[in-house]
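Observations on the three-dimensional arrangement
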Amino acid sequence: IKRAIEEVVIYARNGVRCIEVENVAAPYFIGAGRCPWEEIIALHLVGRAIRRAEVSGVIKSTSGAPLMLGMHILSTNELEILPLAIMHGARFVRSEATLFTGVRPEGEVRNDSNLARFFYVRQVLRNAARATASFGAKPAAGTITSSTLTACFGGDIQFPQCWSDVKKKHTVFSHELEDINTWLHNINFMKLEGVIVTGEATGSDVDEDSISKARAALDSFKKFNEKHFGEHGRAGAPMPELPLITGSGLNFKMYSKYADYCIVGTALKKDQYWENEVCEDNVKKVMDEFKSM
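This section reports on the structure supplied with the text. These numbers come from a predicted model, not from an experiment.

1. Let's talk about the pattern of salt bridges
As enumerated under the stated definition, the model contains 13 salt bridges in all. Note that Glu54 is salt-bridged to Arg51, the shortest N-O span being 2.6 Å. Taken together, the residues Glu54 and Arg51, both in helix α2 (residues 37–56) and three residues apart, mark about one turn of the helix. Here the two residues Glu54 and Arg51 agree in accessibility, since each one is buried. In this structure, Glu96 engages Lys168 in a salt bridge whose closest nitrogen and oxygen atoms are separated by 3.2 Å. Taken together, the residues Glu96 in the loop between β3 (92–95) and β4 (102–104) and Lys168 in the loop between β6 (161–166) and α6 (180–184) connect sequence positions 72 residues apart. You'll find Glu96 and Lys168 in the same group, each marked buried. Taken together, the salt bridges that share partners define one network made up of Glu20, Arg94 and Asp165.

Encoded structure:
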């Protein structure tokens, strides 16, 4: 927890406005439905500590708004992290197995209607939260409330969104799934809320062919949804933002032509090795590159 706060302080004072909290500790990634309770509790304590540090002023965002928070449990534990994401006002949960099934070094990437389960449980938990609020229950001291997040992020879109990896790095797929178009054609059918494209491994760049195809697909689906559903969305639910996110690499000049967000980890660490602690000099270097664009 101490290391997490120290690292978020570095990020925030250098202009980073969004962070993803995840369990980086390879090779101890345990598949869907089998995540140890100790790990879930640890992520809860980290998320709570970050939000409390924002309220107390230990973490100071340069924008003055609460940090945009994402949460992620490796690997493929979307449902396990969902209650924590709601509790700590996260904007997104990262999902590695929303589409199809592959094999990672630690085992099979299981997709057992993961997205449908996520949507269902999210609605149940949000309904419970609204019911609790209607009874006059007040948030605990030092928390970021949903109303605060709504004011920052706008609208009544269902948070946290589920941002889904396509052709996730460090994962082997069947021959038919090597073509990214197979994945992109299913974005609207599966009602994805955000799409993450990655290189083949941690730190490797996304190839321009993949990211450009993903951008074109998302733009096409947005136009389709506006035409057929309008501003009220499907069944009266607001349409998701459907952002495109890069999940590895540092080719920011190319990424800026296509992506809405970039997930950056390795480049910010000491010696640019992903298991090391955050290096402030590297954070400054990366943020200066962002600002120059």
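2. Regarding helix α1 (residues 2–13)
For α1, spanning twelve residues, the distance from its first C-alpha to its last is 17 Å, which sits close to the expected 16 Å at 1.5 Å a residue. Looking at α1, one finds that the buried residues are Ala4, Ile5, Glu7, Val8, Val9, Ile10, Tyr11 and Ala12. In this structure, the buried residues of α1 make contact with β1 (18–22), α2 and α9 (280–292). Following α1 by one or two positions, Gly15 has its phi on the positive side, about 95°.

3. Focus: the environment of Asp209
Here Asp209 lies in helix α7 (residues 208–229). Residue Asp209 is classed as partly exposed on the basis of its relative accessible area of 45%. A sequence separation of 29 residues divides Asp209 from Ile180, and the C-alpha atoms of the two residues are 9.5 Å apart.

4. Overview of the pairing of strand β7 (residues 194–197)
Here β7 shows two buried faces, one formed by Gly194 and Ile196 and the other by Val195 and Val197. The sheet contact formed by β6 and β7 spans four bridges and is parallel. Directly across from Val166, in β7, lies its bridge partner Val197. Across three bridges, β7 lies against strand β8 (residues 244–246) in parallel orientation.

5. Digging into the nonpolar core
Side chains of nonpolar character tend, in soluble globular proteins, to be buried together. If you look at the biggest cluster of nonpolar residues, it comprises 61 residues, and the most contacted ones within it are Ile59, Val197 and Ile211. Top element by residues in this core is α1. It accounts for seven residues. Not counting residues within four places of it along the chain, the set of residues in contact with Ile211 comprises Val197, Val206, Leu244, Thr246, Met254, Tyr255, Tyr258 and Ala259.

6. What to know about unusual backbone geometry
In this structure, Lys191 is a non-glycine residue whose phi angle is positive, near 60°. Mapping Lys191 onto the fold places it in the loop between α6 and β7. Look at Lys191 and you get partly exposed, because its relative accessible area is 40%. Positive phi, normally seen in glycine, also occurs at Leu242, with a value near 55°.

Rules used in this analysis
- Residues numbered from 1 in each chain as written.
- Predicted model: local features only at pLDDT ≥ 70, side-chain atom pairs only at ≥ 80, totals over all residues.
- Heavy atoms only, no water.
- Salt bridge = Lys/Arg side-chain N within 4 Å of Asp/Glu carboxyl O.
- Helix = DSSP H or I, 4+ residues; strand = E, 2+ residues; numbered from the N terminus.
- Buried < 20%, exposed > 50% of the residue type's maximum accessible area, 1.4 Å probe, protein only.
- Expected span 1.5 Å × (residues − 1).
- Contact = heavy atoms within 4.5 Å.
- Pairing = 2+ DSSP bridges.
- Core = buried A, V, L, I, M, F, W, Y, C linked by side-chain atoms within 4.5 Å.

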